[in-house]
Amino acid sequence: MKILLVAAVVLCSVAAFGQAGSLSSQVSVVQIPDHPMHASLTAMACERPLVGGAPDAYAYAQGERPLWEFGPISQPTPLGDIARAYRKEKVAAKKSEIVFEKQGT
């Protein structure tokens, strides 16, 4: 126990000296960066494609796709049916054979 206490004191003292050495007593002035160039009205740049190097690197199409292409439509189960199934499952579950009257004293 004594060794643990001495080790904790040594560790805390080393950490305190380490923090004290990192702080500087010199005042530092905050320099906010200055940007001499301001926004001005210029011509717009040329159009460049975002995907690939050539304008024909990607394609898109418009139109409607039939609903059957997206897969089967799932019908949500009503919450009442879920509750009834849970209640039946709870009744059918195996019960404990030993019942403790007093759990804690």
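Here the structure is shown first, and the text comes after it.
Residues numbered from 1 in each chain as written. Predicted model: local features only at pLDDT ≥ 70, side-chain atom pairs only at ≥ 80, totals over all residues. Heavy atoms only, no water.

A separate point is the overall build of the protein chain. Counting secondary structure elements, the protein chain contains two helices and zero strands. Per-residue burial for the protein chain yields a buried fraction of 0% across its 105 residues. Here the protein chain displays about 11,900 Å² of accessible surface, and carbon together with sulfur accounts for 63% of that area. (Helix = DSSP H or I, 4+ residues; strand = E, 2+ residues; numbered from the N terminus. Buried < 20%, exposed > 50% of the residue type's maximum accessible area, 1.4 Å probe, protein only. Areas by Shrake-Rupley, 256 points an atom, 1.4 Å probe, with all protein chains shown as cover.)

Considering all chains together, one arrives at two salt bridges under this definition. Close ionic contact of glutamate 69 with arginine 65 constitutes a salt bridge, the shortest N to O distance being 2.8 Å. Judged by relative accessible area, which is 36%, glutamate 69 ranks as partly exposed. Between aspartate 81 and arginine 84 there is a salt bridge; the shortest N-O distance is 2.6 Å. Separated by three residues within a single helix, aspartate 81 and arginine 84 lie in helix 2 (residues 79–92), roughly one turn from each other. Overall, aspartate 81 belongs to the partly exposed group, its relative accessible area being 37%. (Salt bridge = Lys/Arg side-chain N within 4 Å of Asp/Glu carboxyl O.)

Its 14 residues give helix 2 an end-to-end C-alpha distance of 20 Å, which sits within 8% of 20 Å, the value for a rise of 1.5 Å per residue. Burial analysis of helix 2 places just zero of its 14 residues in the buried class, which makes it a mostly uncovered element. (Expected span 1.5 Å × (residues − 1).)

Next up on the list: a nonpolar patch on the surface. Residues Val6, Val10 and Val14 make up a contiguous nonpolar surface patch of about 260 Å² in total accessible area. The exposure class of valine 14 is exposed, given its relative accessible area of 54%. (Patch = residues over 30% accessible without salt bridge, like charges linked within 9 Å, V, L, I, M, F, W, Y side chains within 5 Å.)

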